[in-house]
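Each chain, letter by letter, is given below.
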Amino acid sequence: MKERTNLFWVSVTLITLGCATASSARGDQNPAFAKANQDYSEGHFQEAVNGYQKLVGAGQWSANLFYDLGNAWFRLGNFGEAILNYERALALDPHHPEAAANLALVRDEARALELRRTALDRYVEAGTSTQYSIAASIAFWAALFGAARLFFSHRRSAALLSLIIFSTVVFAGSVFALYSLETGGKSGALAIVTGKDIQARLATADNASSVLALPPGSEIKVLSQRGDWLYAALPNDLRGWIPANAAQRVRM
Amino acid sequence: MSIMTGNQSQMHRSPLRHSLLARTAIAALALAALAGSASAEEPSITAVLTSSEAAVGQAVQLQIQVKGDRNVPPPAEISVDGLEIHSTGQMQSFEMRNFNMTSSVTFNYTILPLRAGRFVIPPQIIRVGGNSLRTPELTLNITDSANQSSGSNRATEAADPKKSTFAELIVPKTSAYVGEMIPIVVRVGFEIQTRVRNIPPELDLPGQGFTKQKMRASEARQVIGGKTYEVVTYKTAIAAVRTGAIEIGPVEVPAVILVPQSQRNRFPQNPLGMNDPLDSFFNDPWLMGSVPREIKLTTERVNIEVKALPPNAPPTFSGAVGNFTMTADGNPKSVQVGDPITVTAKISGRGNFDRVAGPSFEDEHGWHKYPPSADFKQDDDVGISGIKTFETVLSPNERKDRIPAQLFTYFDSLKEQYVTLRGDPIPVRVEGGAAPLATPPAAAAVTASAPAASPAAVPKQQDILHQLTDLPAAPQSFTPLFARGSFWFAQLVPLLALLGYVGWKIRQAHLDNREAQRREALQHEATELKRSLHRNDASPQEYFSRASRAVQLKTALAKNLDPNTVDAEVAASAFRADEETRRRLRHLFEKSDEVRYSGSGQNGIRLVPPEARNEVLDLIESLRE
């Protein structure tokens, strides 16, 4: 009887602590976030941007925070920064519907150029990196357990063999999808042009021949960096150099 | 490094000089050493006129230059009615820049116009290796010499046969328009006997009221008036920036020549005045000793009257003056709405390419145009002839079936009027998105609330969505899941489970092995006992003990039991024995216990009678599952 009573109180304490932790982490209880939202609603967009950026600087990254920051930049007319933050929101939560809708609108408004995506890229981007990682992990261990079971059993089971083959195929497909995601258009090399009147050039000089004019918000894929210049793959399958301070990577 | 060799038609008549041999030998060695790298260059061809306009009787130079190969046959005879075209020789050039070797052959022609008019010099085809190279078509406008207003200005100090040097400033026009490119040539000649030690590689053109660049020197050997000269030519092109008279020159060319310390001390002047090779050899300053002397060659001044461009220039005029043609193309030809299309426009001809801007589009409605990129490839030494390529990215906002025509306007200084070039519309296929809208975007916004009839007519979102006020419980990370430590730490759980499973299976196999060994030992013991029970060599005490042990072993093997725990009842139950067998088993175990503990089993009997032995054997055999 005494043991049951102790177990009850331990459970109550743990549940209470969990609820308190979850409640304290909610944004509507974060005064800095609430203040930035209030600035935004009152039309003080620059103050709102400053408030959101403080949270970003403090490492409080979340899809909603970047989405709100993108909205504030849009209100200030800075399409490059707005698109960058919508992209960051989608990098954290690929199925963020508001960020996707606003990104499409701002891209249209800014005439931003997008990197060309192959059909394979589009198929692969149907899933997220997290989903592929979990699928790969489960398939890998299922295949290993199946192989161990097969090794110790005295007879070959067709069902067991099928499970091993299926798991191996799923594992290989997930790893390939992860590789494609990490090297494709949504990889860590993806950057957004935030400067204005940016020209991609043939060489690392301001007077070098222009390759392509990049409106703010245009996507580039950073291939390498040399000093203050980035060598990047550009929309329309071109490549060129742009100033390093004219673009920011999506992944921080 | 630049090595140039002349191959004029009259060259073989020049006196044989010792230094000439040395130069030729050095040039030949350099040619042999560099021929391999030169042959790897991609061949190309250009053709340039020194002026695209001239008067009747005024000579114009034509140069056809082939780069990338030195074994090039000369073009066939060029024949144009109204023009007298003579070849004046060819010149080979080898140039090394940053260890890149380039070789070229230049064919020189003099064109003498016989009558006024507009003449077209047709393309010349030259076979280089396995390729046929084709020069561009050139146009030469000839005015009547009686009323020409833009004739050539040739300010010559001396091309006098009596003098050993000359300098001249060649300006092909006496009047020009603001912005019009005027080629300028300064030629400095030294008679072949004159030893030139130093001459500036670049010259500055004095004067004001025009844009100018440094003039770079090129060297060749030419025969003028029957005498052979080393001629240094400086070329540039200027463009007047204001109206009125502008003065060009005089151009001063400083040079250092070597003068012999004393001449003809040992060999008197040839009384017959003939060219004696020995005479030339012993008068060579390299042999006799010489001193450097600075000289300054000066051309005369040239005046040009600069006229303003006519008023009412078309809105597409960007300041280009000259004579141009335009071609245009676009790629890809089939896109979706919003996808970029690169439109390439090539403007070629002769004029001030620095003022040639990208062509404008006739109707940009429904298109989003990005600033064009430009690339200029010049065909001559001074950059007034060539091709300027513009690449403009267009993005269609709606369905389209053609890219609008491009317009480029320039001022034709010969016709003295503005000319607008209009390219043909480029057919493309733009799919997706909404159909072309007749109403402006604002009107579309008003009707956006109407229900959509089809996916193509779905109204676009007009403003961004609202702010979100929730933050997640914990900050999120851009690091992919597979790159996080927690992900790999979590893999320890299935790893430990797998290791546990494998360990358990191995231990189970080990235990199975021990059980098999135990059964093997019991089986072995049972076999030995059975064999001994058939023999008549044991005392009754020992025999019945063995028999009960045999029953215990048989029961233990059948039911996987410990043999020491087996008694008569257990054995009978294990084999589901009937009452008789059960009684006999009980009797066997009692007998065994009796002879083991009381010793009554002996009674003087030393061996078990055969009947009793058979009975025991039958009983053991009858125990079957």
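A quick note: this is a predicted structure, and the numbers were derived from the prediction, not measured. (Residues numbered from 1 in each chain as written. Chains lettered and ligands numbered in written order. Predicted model: local features only at pLDDT ≥ 70, side-chain atom pairs only at ≥ 80, totals over all residues.)

Trainee: Describe the overall build of chain A, and please don't skip the residues or the numbers.
Mentor: Secondary structure assignment for chain A yields 9 helices and 7 strands. Considering only contacts in chain A between residues 6 or more positions apart, those separated by 24 or more positions represent 58%. (Helix = DSSP H or I, 4+ residues; strand = E, 2+ residues; numbered from the N terminus. Contact = placed C-beta atoms within 7 Å.)

Trainee: Would you mind going over the overall build of chain B in detail, with residue names and values included?
Mentor: Along its length, chain B carries 10 helices and 35 strands. A separation of at least 24 residues holds for 71% of the contacts in chain B among residues at least 6 apart in sequence.

Trainee: Mind laying out the confidence of the model for chain B, listing which residues take part and the relevant values?
Mentor: All names here are of chain B. Residues with a pLDDT of 70 or more make up 78% of chain B, whose mean pLDDT is 76. Low pLDDT, under 50, characterises residues 146–152; the predicted model gives this stretch 16 contacts beyond four residues in sequence or across chains. Low pLDDT, under 50, characterises residues 263–275; the predicted model gives this stretch 9 contacts beyond four residues in sequence or across chains. Interface confidence for the predicted complex, expressed as ipTM, amounts to 0.80; the pTM equals 0.42. (pLDDT = per-residue confidence, 0-100.)

Trainee: I'd like a rundown of the pairing of strand S24 (residues 317–331) of chain B, residues and numbers included.
Mentor: Strand direction decides the pairing type here: S24(B) and strand S32 (residues 406–412) of chain B, joined by 2 bridges, are parallel. The residue bridging Phe317(B) from the neighbouring strand is Thr409(B), located in S32(B). (Pairing = 2+ DSSP bridges.)

Trainee: An account of the packing of helix H4 (residues 63–75) of chain A against helix H5 (residues 79–92) of chain A is requested, with residue identities and associated values reported.
Mentor: Two packed helices can be described by the angle between their axes and the distance between those axes. All names here are of chain A. At their nearest, the axes of H4 and H5 sit 8 Å apart, and the two run at 165 degrees to each other. Relative to H5, the element H4 is oriented roughly antiparallel. The handedness of the crossing between H4 and H5 comes out as left-handed. Counted together, Ala-63, Phe-66, Tyr-67, Leu-69, Gly-70, Trp-73 and Phe-74 of H4 and Glu-81, Ala-82, Asn-85, Tyr-86, Arg-88, Ala-89 and Leu-92 of H5 form the full contact between these two elements. (Axes fitted to C-alpha atoms, helices over the stretch in contact; angles between N-to-C directions. Parallel < 35°, antiparallel > 145°, perpendicular 65-115°, else oblique. Left-handed = near helix turned anticlockwise from the far one by under 90°.)

Trainee: Could you give an account of the interface of chain B and chain A, with specific residues and numbers?
Mentor: With 34 residues of chain B at the contact, the number on the chain A side is 48 residues. Every element with two or more residues in the side of chain B that touches chain A is listed here: strand S29 (373–378), strand S30 (385–396) and helix H6 (492–534) of chain B.

Trainee: Can you lay out the sheet that holds strand S10 (residues 138–143) of chain B for me, pointing to particular residues and giving the numbers?
Mentor: All names here are of chain B. Pairing is mixed in the open sheet, where 3 strands are placed in the order S3-S10-S7. Looking along the sheet, the strands with just one partner apiece sit at the ends: strand S3 (53–55) and strand S7 (117–121). Along the sheet, successive strands turn relative to each other by an average axial angle of 30 degrees, direction set aside.

Trainee: Describe the environment of Gln552(B), with residues and values.
Mentor: Counting through the fold element by element, Gln552(B) comes out in helix H7 (residues 540–559). Beyond its immediate chain neighbours, meaning those up to four positions away, Gln552(B) contacts Pro563(B) and Val566(B).

Trainee: I'd love a proper account of the sheet that holds strand S23 (residues 302–307) of chain B, names of residues and values included.
Mentor: All names here are of chain B. On the basis of which strands lie adjacent, the open sheet formed by 3 strands has the order S13-S23-S20 and mixed pairing. Strand pairing shows two members of the sheet lacking a second neighbour, strand S13 (175–177) and strand S20 (244–248), which therefore form its edges. Along the sheet, successive strands turn relative to each other by an average axial angle of 35 degrees, direction set aside. Pairing analysis gives 5 bridges linking S20 to S23, with the strands arranged antiparallel. Within the sheet, the bridge partner assigned to Gly-244 lies in S23 and is Val-306.

Trainee: Explain the nonpolar core to me, using residue names and the numbers behind them.
Mentor: Within the largest apolar cluster, 101 residues are counted, with the highest numbers of intra-cluster contacts made by Ile83(A) and Ile242(A). Those residues in contact with Ile242(A), other than ones at most four positions away along the chain, are Ile198(A), Ala200(A), Leu214(A), Ile220(A), Leu230(A), Ala232(A) and Ala247(A). (Core = buried A, V, L, I, M, F, W, Y, C linked by C-beta atoms within 7 Å. Buried ≥ 20, exposed ≤ 12 C-beta atoms within 10 Å, placed from the backbone.)

Trainee: Lay out the packing of helix H2 (residues 31–41) of chain A against helix H3 (residues 45–57) of chain A with the relevant residues and their values.
Mentor: All names here are of chain A. Put simply, H2 and H3 touch, their axes get as near as 7 Å, and they point 160 degrees apart. Classified by the angle between their axes, H2 and H3 sit roughly antiparallel to one another. The element H2 and its partner H3 pack so that their crossing is left-handed. Contacts between H2 and H3 involve Ala-32, Phe-33, Lys-35, Ala-36, Asp-39 and Tyr-40 from the first element and Phe-45, Glu-47, Ala-48, Gly-51, Tyr-52, Lys-54 and Leu-55 from the second. The class makeup of the residues in the contact of H2 with H3 is 8 nonpolar, 1 polar and 4 charged. (Nonpolar A, V, L, I, M, F, W, Y, C, P; charged D, E, K, R; others polar.)

Trainee: Before we move on, can you summarise the environment of Met252(A) with the specific residues and values?
Mentor: Residues and elements named next belong to chain A. Here Met-252 lies in the segment after strand S7 (247–249). For Met-252, a count of 14 C-beta atoms within 10 Å gives the class partly exposed. Distance from Met-252 to Arg-88, taken between C-alpha atoms, is 8.4 Å for residues 164 residues apart in sequence.

Trainee: Mind laying out the confidence of the model for chain A, listing which residues take part and the relevant values?
Mentor: All names here are of chain A. Residues of chain A with pLDDT of at least 70 account for 88%, and the chain-wide mean is 84. Of the regions scoring below 50 in pLDDT, residues 1–10 engages in 0 contacts with residues more than four places distant in sequence or in other chains. Here residues 12–28 is a poorly scored stretch, pLDDT under 50, and it has 15 contacts once near neighbours within four places are set aside; other chains count.

Trainee: So, unusual backbone geometry: which residues are in play, and what are the values?
Mentor: Residues and elements named next belong to chain B. Looking along the chain, the bond that leaves Gly-249 and enters Pro-250 is cis, with omega of 0 degrees. Residue placement: Pro-250 occurs in the loop between S20 and strand S21 (252–260). A positive phi is found at Arg-576, a non-glycine position, where the angle reads about 45 degrees. Position of Arg-576 relative to the elements: it lies in the loop between helix H8 (568–574) and helix H9 (579–597). Residue Arg-576 is classed as exposed on the basis of its 10 C-beta neighbours within 10 Å.

Trainee: Describe helix H9 (residues 158–183) of chain A, and please don't skip the residues or the numbers.
Mentor: Residue and element names in this part refer to chain A. A rise of 1.5 Å per residue sets the reference length of H9, with its 26 residues, at 38 Å; its end C-alpha atoms lie 38 Å apart and thus fit the reference within 8%. Every buried residue of H9 is listed here: Ser-167, Phe-171, Ser-174, Ala-177, Leu-178 and Leu-181. Buried residues in H9 make contact with helix H7 (119–124) and helix H8 (129–152). (Expected span 1.5 Å × (residues − 1).)

Trainee: For the environment of Leu115(A), give the residues involved together with the corresponding values.
Mentor: Residue and element names in this part refer to chain A. Checked against the element boundaries, Leu-115 lands in the loop between helix H6 (97–110) and H7. In sequence terms Leu-115 and Asp-237 are 122 residues apart; their C-alpha atoms lie 7.7 Å from each other. Filtering out sequence-adjacent residues up to four positions away, Leu-115 remains in contact with Gly-185, Glu-219, Lys-221, Ala-233 and Pro-235.

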